[in-house]
2 protein chains.
Amino acid sequence: MAPDQDRAAGSLYRKVAADLREAITSGGYGDNGRLPAEGALAEQYGVSRGTVRQALAMLRADGLVTSRRGTRRVVLGTARVQSFSELLSFTHWARSMGEEPGGRLESLIRRPADAAEREQLRLEPGTEVYVTLRLRTLSGKPVMVERTVYPPRVGEVVAQLPPDVVSHTEPLREHGILFTDADHTIDVVAANADDARLLGCRRGSPLLREKRRTTDPTGTPVEWSQDRYLPGTVAFSIHNSLASSALSRHAREND
Amino acid sequence: MAPDQDRAAGSLYRKVAADLREAITSGGYGDNGRLPAEGALAEQYGVSRGTVRQALAMLRADGLVTSRRGTRRVVLGTARVQSFSELLSFTHWARSMGEEPGGRLESLIRRPADAAEREQLRLEPGTEVYVTLRLRTLSGKPVMVERTVYPPRVGEVVAQLPPDVVSHTEPLREHGILFTDADHTIDVVAANADDARLLGCRRGSPLLREKRRTTDPTGTPVEWSQDRYLPGTVAFSIHNSLASSALSRHAREND
DNA sequence: TAGTGGTCTAGACCACAGG
DNA sequence: CTGTGGTCTAGACCACTAA
């Protein structure tokens, strides 16, 4: 078991959800099969129906099952949805694919925030921010350029990390800086001179861009980042429904 | 009020959620402000705490509020998240931006499904599918090429629509074909000859691609589509958190 | 310590699917 | 009609935050 999965512990409904997820993804209920009724599951696990429903809501959000009034839940598929930490951390993502993540800090500067940065990070005029430029690699091959702006509290921690540290989210968590919510925007952008030099592509060639603003549980922004990927190295996937949705990032596969 | 929003009707928690959403987005609680306690909201609306929590879970998924044990919920922002129908329907999306959606059916053919299509739509070998190629425009300007594969049950309905019909999801709903779940993948692809001709770009120039498979409440696939957008016309946004996430598509704004 | 959200229970009624 | 998921209630206890 990956250490990530142990987070199922702590609450009952997470344990039930983890167990059901395991049963589903290992084919225990078949594809397009039906799950037992909520009442049956409640009895089977020795919990109330409400707890079972809370567990099933997680699977619903992940696109594993549908639900419709009147009939049993249907197994949609064995969709692989990434955990939140896999989504935010290049390092976790790479490792989950069996690739070796690498990176190089190109620059780290401290300067007053401009208007856009103040807006994104909710900072007072004159506040200084830390700005990093990193090249990210998979098994030695450049795939992404990452530009991140940190507010002072976070930047001070980042600035003291060794320049060759692979993961940033882990040390930050140890400093009590938590990532709980993120807004992402995905589009296409042309490579500028820096992008071209670092990624080894032509200037003006298209890159897949992900802009991301992350906040902690109090709603305070902790990071504003702009990642630019070489085409063909990444795709973003989302499952959504009338009720909920989820995003996942994965290596691109053939058409 | 847009007709879409009337769907808040039907259940209590949706009404509560709609009311709170309105209060938040109109600034009633301020940015980074605090919501009243769950108990207070329950009393205010005359419902149980469980119902209030169900409503708040929706706002949480939309990125409007955070939550943390021990303190009141924090208003994250006034994020505009699109409804599921806006996300699936080009027509709804265009109108929500105040643009005039247009389109032209370039071709509609019926032929046996190939291996990939059978896989995506869960069809038996030899089953025939309907394949459409459409050019989509905003206020007359080409922005997207859409290739959709329908299984027979759905294709038969689509094939009988007038070629210049703007929205397909609406007539389908009237035929009892419901869209409840979708999986999306977003990446970059080079324009082929057809794309270049229809969109008026050079062959090989980059396009933002969204692949989408949609299913109905029983888990049966009803559509497999591949949309290719001109760069600069669209971006995709997602809010996600430790608990949940949502996707929205919107017009690109300046950097 | 007091207030808050997170979790869990037990029971109720309804709307809808399908025989 | 029966069985199912959808909704709602009333109450309980716990873990955590902030004063």
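Analysis parameters
Residues numbered from 1 in each chain as written. Chains lettered and ligands numbered in written order. Predicted model: local features only at pLDDT ≥ 70, side-chain atom pairs only at ≥ 80, totals over all residues. Heavy atoms only, no water. Helix = DSSP H or I, 4+ residues; strand = E, 2+ residues; numbered from the N terminus. Buried < 20%, exposed > 50% of the residue type's maximum accessible area, 1.4 Å probe, protein only. Contact = heavy atoms within 4.5 Å. Areas by Shrake-Rupley, 256 points an atom, 1.4 Å probe, with all protein chains shown as cover. Near = heavy atom within 4 Å. Polar contact = N/O pair within 3.5 Å; in protein donor to acceptor, adjacent residues only side chain to side chain. Nonpolar A, V, L, I, M, F, W, Y, C, P; charged D, E, K, R; others polar. Pairing = 2+ DSSP bridges. Phe/Tyr/Trp six-rings, centres within 6.5 Å; stacked < 30°, edge-to-face > 60°. Arc of directions from axis to C-beta. pLDDT = per-residue confidence, 0-100. Expected span 1.5 Å × (residues − 1). Least-squares fit on C-alpha atoms with pLDDT ≥ 70 in both. Buried area = accessible area lost by both parts, 1.4 Å probe. Salt bridge = Lys/Arg side-chain N within 4 Å of Asp/Glu carboxyl O. Core = buried A, V, L, I, M, F, W, Y, C linked by side-chain atoms within 4.5 Å. Axes fitted to C-alpha atoms, helices over the stretch in contact; angles between N-to-C directions. Parallel < 35°, antiparallel > 145°, perpendicular 65-115°, else oblique. Left-handed = near helix turned anticlockwise from the far one by under 90°.

Undergrad: Got a minute to help me understand the overall build of chain A in this structure?
TA: For chain A, the count of helices and strands is nine helices and eight strands. Here chain A holds 255 residues, and the buried ones make up 52% of them. The long-range fraction of contacts in chain A, counting pairs at least 24 apart against all pairs at least 6 apart in sequence, stands at 56%. Carbon and sulfur atoms make up 49% of the accessible area of chain A, which totals about 11,800 Å².

Undergrad: Mind showing me how you'd approach the protein's contact with DNA strand D here?
TA: Close to DNA strand D lie 24 residues; R49 and R72 of chain A together with L12, S48 and T51 of chain B are nearest. Considering the 4 Å shell around the protein, atoms of DNA strand D inside it are sugar or phosphate in 69% of instances. The separation between a base nitrogen of DNA strand D and a polar side-chain atom of R49 of chain B is 3.2 Å. In the model, a phosphate oxygen of DNA strand D is placed 3.4 Å from a nitrogen or oxygen of the R68 of chain B side chain. If you list the elements that add at least two residues to the surface near DNA strand D, you get α3 (49-61) of chain A together with α1 (12-25) and α3 (49-61) of chain B. The dominant element in the surface near DNA strand D, judged by the number of residues it contributes, is α3 of chain B, at three residues. The residue inventory of the surface near DNA strand D, partitioned by class, reads five nonpolar, nine polar and 10 charged.

Undergrad: What should I look at first to understand the protein's contact with DNA strand C in this one?
TA: Taken together, 24 residues form the shell around DNA strand C, and within it L12, S48 and T51 of chain A together with R49 and R72 of chain B come nearest. Within 4 Å of the protein, the contacting atoms of DNA strand C are drawn from sugar and phosphate to the extent of 70%. In this structure, S48 of chain A approaches DNA strand C through a main-chain N or O atom, which is 2.7 Å from a phosphate oxygen. Take S67 of chain B: an N or O atom from its side chain is 3.0 Å from a phosphate oxygen of DNA strand C. Sorting the residues of the surface near DNA strand C by element identifies α1 (12-25) and α3 of chain A together with α3 of chain B as the ones contributing at least two each.

Undergrad: Looking at this model, I keep getting lost on the pairing of strand β5 (residues 206-215) of chain A. Mind explaining?
TA: A regular strand places its side chains on the two faces of the sheet in alternate fashion. All names here are of chain A. Most of β5 is tucked away: nine of the 10 residues are buried. As paired elements, strand β4 (residues 181-190) and β5 share 10 bridges and run antiparallel to each other. In the sheet register, T185 faces β5, and the bridge partner there is K211. Where β5 and strand β6 (residues 221-229) come together, eight bridges link them in antiparallel fashion. Each residue of the ladder has a partner; that of T215, found in β6, is P221. A loop of five residues connects β5 with β6, the two strands running antiparallel in sequence, and G219 in this loop sits at a positive phi of about 90°.

Undergrad: Teacher, can you tell me more about the packing of aromatic side chains here?
TA: The description of an aromatic ring pair uses the distance of the two centres, along with the angle that the planes make with each other. Residues and elements named next belong to chain A. Counted according to the given criterion, the structure contains two aromatic pairs over all chains. Ring geometry for Y229 against F236: centres 6.0 Å apart, planes inclined by 75°, an arrangement best described as edge-to-face. On the accessibility criterion, Y229 (1% relative accessible area) is buried.

Undergrad: Explain helix α7 (residues 152-159) of chain B here, please?
TA: Note on helix geometry: an α-helix contains 3.6 residues per turn, so any two residues three or four positions apart are oriented the same way. Residue and element names in this part refer to chain B. Regarding α7, the residues found buried are V154, G155, V157 and V158. Seen along its axis, α7 keeps its buried residues to an arc of 160°; they face one direction. For α7, the elements touching its buried residues are β2 (128-138), β3 (141-150), α8 (169-174) and β6 (221-229).

Undergrad: What exactly am I supposed to notice about the confidence of the model for chain A here?
TA: Keep in mind that low pLDDT regions are not for reading the predicted coordinates in detail. All names here are of chain A. Taken residue by residue, chain A gives an average pLDDT of 84. The fraction at 70 or more is 87%. In this model, residues 1-7 is a region of pLDDT below 50 whose contacts with residues beyond four sequence positions or in other chains number four contacts. Low pLDDT (under 50) marks residues 250-255, which in the prediction has 20 contacts with non-local residues, meaning those over four places away or in another chain.

Undergrad: When you look at α1 of chain B in this model, what are you seeing that I'm missing?
TA: Residue and element names in this part refer to chain B. For α1, built from 14 residues, the straight-helix expectation of 20 Å at 1.5 Å per residue is met to within 8% by its first-to-last C-alpha distance of 20 Å. All buried positions along α1 are accounted for by Y13, V16, A17, L20 and I24. The arc enclosing the buried residues of α1, seen along the axis, measures out at 100°, which places them on a common side. Where the residues of α1 are buried, they touch α2 (38-45) and α3. The first or second residue beyond α1 is G27, which carries a positive phi of 85°.

Undergrad: Sorry if this is basic, but what is going on with the relation of the copies chain A and chain B here?
TA: There are two copies of the chain, and a rotation about an axis plus a shift along that axis relates them. Mapping chain A onto chain B leaves a residual RMSD of 0.1 Å; the transformation is a rotation of 180° accompanied by 0.0 Å of translation along its axis. Taken together, the rotation angle and the small translation identify this as a two-fold axis. Here 100% of the interface residues in chain A have copies in chain B that are interface residues too; the copies meet face to matching face.

Undergrad: Honestly, the interface of chain A and chain B in this entry has me stumped. Any pointers?
TA: Accessible area lost when the parts come together is the quantity often used to give the size of an interface. Chain A puts 46 residues into the contact, and the matching count from chain B is 49 residues. Of the roughly 4,200 Å² buried between chain A and chain B, counting both surfaces, carbon and sulfur atoms make up 47%. Summed over the three residues of chain A that lose the most area to chain B, namely V188, I238 and N240 of chain A, the buried surface amounts to 14% of that side. Linking chain A with chain B are two salt bridges, by the criterion used here. Salt-bridge contacts for D181 of chain A lead to R60 of chain B; the nearest nitrogen and oxygen are separated by 2.9 Å.

Undergrad: I'm lost on the nonpolar core in this one. Help?
TA: Within soluble globular proteins, side chains that are nonpolar generally end up buried alongside one another. By size, the foremost hydrophobic cluster in this structure holds 26 residues, and its most contacted members are L208 and Y229 of chain A together with L208 and Y229 of chain B. Residue assignment for this core shows that the elements contributing at least two residues are α5 (90-96), β3 (141-150), β4 and β7 (235-241) of chain A together with α5 (90-96), β3, β4 (181-190) and β7 (235-241) of chain B. Apart from residues no more than four positions distant in its own chain, L208 of chain B is found in contact with I186, D187, V188 and L208 of chain A together with I186, D187, D227, R228, Y229, V234 and F236 of chain B.

Undergrad: Which parts of the structure should I look at to understand the packing of α1 of chain B against α3 of chain B?
TA: Helix packing for two helices is described by the angle between their axes and how far apart those axes are. Residue and element names in this part refer to chain B. Packing of α1 against α3 leaves a shortest axis separation of 8 Å and a crossing angle of 50°. Our classification of the angle between α1 and α3 gives oblique. Where α1 crosses over α3, the handedness of that crossing is right-handed. Counting all contacts with α1, which are made through L12, Y13, R14, V16, A17, L20, R21 and I24, the residues of α3 involved are T51, Q54, A55, L56, M58 and L59. Among the residues making up the contact of α1 with α3, the classes are represented as 10 nonpolar, two polar and two charged.

Undergrad: Explain the environment of H239 of chain A here, please?
TA: All names here are of chain A. Secondary-structure assignment places H239 in strand β7. Look at H239 and you get buried, because its relative accessible area is 4%. In this structure, the C-alpha to C-alpha distance between H239 and G63, residues 176 residues apart in sequence, is 6.0 Å.

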